[in-house]
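For reference, the chains in residue letters:
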Amino acid sequence: MEPKQILFDRQALEKVKEGIDGVANAVKVTLGYGGRTVIISEPGLPSKTTKDGTSVANKISFRDEVKDAGAKIAKEISAKTGTDVGDGTTTVCVLLQAMIEEGMKYVSESNPVELKAGMMKAADFVVSELDKMKKPAEGDTELLRQVATVSANNDPEIGKIVGDIFEQLGSYGVVAIEDSPNEETHIDKMNGFQFGSGWASHYFISNIDKNTSELQNPYVLIVEGKVDKVSDIMKITNLVAVQKRAIIVIAEDFDANVIGTFLQNNQHGVLKSCCVKYNLSGNTKDDLMNDLCAITGATLVTEKLGHKLHSIDVSYLGECEKSIVSRTEATILKGKSNEKLLQSRIEDAKLKVAEAKHPAIKELMLRRLAKLQGGIAICYVGGMTELERDEKRDRIEDSIKATKAALEEGVLPGGGASLMKCAEKMKNLMGRTQHEDAGIHIVRNALDAPATMIVVNTIGGQGKNISHEIKNSATEIGFNAKTAVVEDLFSAGIIDPAKVVRLCVQNAVSGAIQFLNSSVVIVHDKSTNQ
């Protein structure tokens, strides 16, 4: 075992805090319309500039292992927020830093369990207040364009592209992103289907950058139950391999030997394939299986109808132009659909929507109906250079996630205004003990930080009185960094998805609790390598 360096109590926390501050100070200069870019230079590569919080945070590391442990905490919550909702990566770092700064005043004297309880109570209060402030975004194309624009670092071109996508597809639209053959960025709509199941092994990954398995013009085999014998798939795989086609196999589970056989054929170029596992049961499973058959033209292989997997031929297989499978989702593009069966599935979904009595069931059926009817949009991203195209792709992906978040939970006034108003309303929130009160105070005091940083990035220290003006005004009033005035942010198009704001608070509180409840840091002792 390698030697370790151990730090205790306040000495440990202060060193870890230096790493968190290093990340937060680097990313927070990018916050808001008036935020600055950060120059990133790496050996052997051209320098680049960015305003993306996660891109900046991911490039930061420290020689000091203890400081680097702090940097990793900040980077983890920033990356998690970006992965979930495509926005808020800088805001969550600003909140985390502010909570830790305030928390350091209490950590030595407070009961950690009660401090945590107070912080969690404050977070729940914020979530409840945000829920009261938000307004729905569904059906408002202009509002969605505004969300998309803000989340793409205020790029109106991307805002229009993403807004147009959801105008065409509706609330439950599925978007795939591909490279354009030229510098133009455009959208194509096609029939397709996406469902929440991923590859059975990461060794099926063919696109390393996206961690996806991608197959061109594959056959589609859909099996009810488990594929548990290699002999069961020998005949059909040989028939497909002779045609030099790929195959995607969708089943409840696969024996390890079956997966191994597919992977071996992949590796040797005998048969390109991907195994996809679904984890469903009852009516939900039946709906997915039959919907997939309608979309691809496949025949469901099921023992209930006397089908034997080992004896099927290519007539049982469906087809599609392309399949894209990630760890959690599978997308079928341009399936060779059975139009009669597809129409039957659409009518089935409509009937179940009408009959649904529970809101959750109705929502599930509405999503299913939208997938069957709406198809998929392909956003082809172009650029003059590969670097420009990749940077635009990242912003479009983030913008799509943020827009979906707005459709899911509505929107709030942007610029940190909603959090400032939550802080004002939290003044009367009390804990059961003085230590819980301290936890509440830590969160409340931090909620001003994002709006304050946006003001500083825009007009410097001239905006000291703006905080009071925002807190004591109507819900929609806040600081517009674009015009440098306090005004109605909804009317000005300065809005944030409510889900983004909520997750920023919850993730920052989680990270701050992780830090404040610690008293020992153990890291690798680099001095032993010298």
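Residues numbered from 1 in each chain as written. Predicted model: local features only at pLDDT ≥ 70, side-chain atom pairs only at ≥ 80, totals over all residues. Heavy atoms only, no water.

**As for the overall build of the chain**
For the chain, the helix and strand inventory stands at 19 helices and 21 strands. Here the C-alpha radius of gyration of the chain, 26 Å, is about what a compact globule of 530 residues would show, namely 24 Å. Within the chain, the proportion of its 530 residues that are buried is 52%. Taking contacts inside the chain between residues at least 6 apart in sequence as the whole, the part at least 24 apart equals 77%. Summing over all exposed atoms, the chain offers an accessible surface of approximately 24,700 Å²; the carbon and sulfur share of this is 48%. (Helix = DSSP H or I, 4+ residues; strand = E, 2+ residues; numbered from the N terminus. Rg over C-alpha atoms; globule rule 2.2 N^0.38 Å. Buried < 20%, exposed > 50% of the residue type's maximum accessible area, 1.4 Å probe, protein only. Contact = heavy atoms within 4.5 Å. Areas by Shrake-Rupley, 256 points an atom, 1.4 Å probe, with all protein chains shown as cover.)

**Digging into the environment of Thr-81**
Within the element layout of this structure, Thr-81 appears in helix H3 (residues 65–85). Distance from Thr-81 to Val-92, taken between C-alpha atoms, is 7.6 Å for residues eleven residues apart in sequence. When sequence neighbours within four positions are dropped, the list of residues in contact with Thr-81 reads Gly-86, Asp-87, Gly-88, Val-92, Cys-504 and Asn-507.

**Focus: unusual backbone geometry**
In this structure, Asn-211 is a non-glycine residue whose phi angle is positive, near 55°. If you trace the backbone, Asn-211 turns up in the loop between strand S7 (198–199) and strand S8 (213–216). The exposure class assigned to Asn-211 is partly exposed, which follows from its relative accessible area of 44%. The phi angle at Lys-244 is positive, at roughly 55°, despite the residue not being glycine. Looking at the secondary structure, you find Lys-244 in the loop between helix H8 (230–242) and strand S11 (247–251).

**Overview of the packing of aromatic side chains**
Applying the stated criterion across every chain, the model contains one aromatic pair. On the numbers, 6.3 Å between centres and 35° between planes, the contact of Phe-193 with Phe-195 is tilted. Across the pair, Phe-195 and Phe-193 agree in class, each one buried. Cation over ring: Lys-135 sits above Phe-490, and NZ or CZ is 4.6 Å from the ring centre. The aromatic ring of Tyr-219 is capped on one face by Arg-245, whose charged end is 4.1 Å from the ring centroid. (Phe/Tyr/Trp six-rings, centres within 6.5 Å; stacked < 30°, edge-to-face > 60°. Lys NZ or Arg CZ within 6 Å of the ring centre and 35° of its normal.)

**Details of the sheet that holds strand S4 (residues 174–179)**
Paired through their backbone hydrogen bonds, the strands of a sheet run either parallel or antiparallel. The three strands lie next to each other as S4-S16-S5, forming an open sheet whose pairing is mixed. The open sheet has two free edges, formed respectively by S4 and strand S5 (186–190), since each of these has just one partner strand. Adjacent strand axes in the sheet meet at a mean angle of 25°, parallel and antiparallel pairs treated alike. On top of the sheet, helix H13 (residues 386–409) reaches S4 and strand S16 (376–381); it is set at about 175° to S4, its chief contact. (Pairing = 2+ DSSP bridges. Axes fitted to C-alpha atoms, helices over the stretch in contact; angles between N-to-C directions.)

**Re the pattern of salt bridges**
A complete count under the given rule lists 43 salt bridges for this structure. The partner of Lys-15 in a salt bridge is Asp-64, and the shortest N-O contact between them spans 3.6 Å. One end of the pair, Lys-15, is in helix H1 (residues 9–27); the other, Asp-64, is in the loop between helix H2 (53–58) and H3, and 49 residues separate them in sequence. Residue Lys-15 is classed as partly exposed on the basis of its relative accessible area, which comes to 26%. Between Glu-42 and Lys-59 there is a salt bridge, and its shortest N-O distance comes to 3.0 Å. Residue Glu-42 is found in the loop between strand S2 (38–40) and strand S3 (48–50), and its partner Lys-59 is found in the loop between H2 and H3; the two are separated by 17 residues along the sequence. Here the salt bridges share partners, and the residues they tie into one network are Asp-287, Asp-291, Arg-345, Asp-348, Lys-352 and Arg-368. (Salt bridge = Lys/Arg side-chain N within 4 Å of Asp/Glu carboxyl O.)

**Points about the environment of Val-23**
Within the element layout of this structure, Val-23 appears in helix H1. What makes Val-23 buried here is its relative accessible area of 0%. Along the chain, Val-23 and Ile-73 lie 50 residues apart, while their C-alpha atoms are 9.6 Å from each other. For Val-23, the contacting residues outside a window of four places in its chain are Ala-57, Ile-60, Ala-71, Ala-74, Lys-75 and Cys-93.

**A few points about a negative patch on the surface**
On the surface, Asp-209, Glu-386, Asp-390 and Asp-394 cluster together into a patch of negative charge. Inspection of the secondary structure puts Asp-390 in helix H13. (Patch = residues over 30% accessible without salt bridge, like charges linked within 9 Å, V, L, I, M, F, W, Y side chains within 5 Å. Lys, Arg positive; Asp, Glu negative; His and termini not counted. Charge placed at Lys NZ, Arg CZ, Asp CG, Glu CD.)

**Quick notes on the pairing of strand S9 (residues 219–222)**
Residue alternation in S9 divides its side chains into two sets, Tyr-219 and Leu-221 and Val-220 and Ile-222, and both sets are buried. The sheet contact formed by S9 and S11 spans four bridges and is parallel. What sits directly across from Tyr-219, in S11, is Ile-247. Sheet topology places S9 next to strand S14 (residues 318–325); two bridges connect them, and they run antiparallel. The residue of S14 that forms the bridge with Val-220 is Gly-318.

**Examining H8**
Between its first and last C-alpha atoms H8 spans 18 Å; for 13 residues at 1.5 Å apiece the expected length is 18 Å, and the two agree. For H8, the full list of buried residues reads Asp-232, Ile-233, Ile-236, Thr-237 and Val-240. Just downstream of H8, Lys-244 is the residue with a positive phi angle, here 55°. (Expected span 1.5 Å × (residues − 1).)

**Observations regarding the side chain of Arg-245**
Examined against the element boundaries, Arg-245 turns out to sit in the loop between H8 and S11. Within polar-contact distance, the side chain of Arg-245 engages the backbone oxygen of Asn-217 at 2.9 Å. In this structure, Arg-245 is in contact with Asn-217, Pro-218, Tyr-219, Val-240, Leu-271 and Glu-319, ignoring residues within four places of it in sequence. (Polar contact = N/O pair within 3.5 Å; in protein donor to acceptor, adjacent residues only side chain to side chain.)

**Re the side chain of Ser-273**
Within the secondary structure, Ser-273 is located in strand S13 (residues 273–277). By relative accessible area, Ser-273 is classed as buried at 1%. The contacts of Ser-273, once residues within four sequence positions are left out, are Phe-204, Ser-213, Leu-215, Ile-247, Phe-262 and Asn-266.

Any functional reading would require information beyond the geometric quantities listed.
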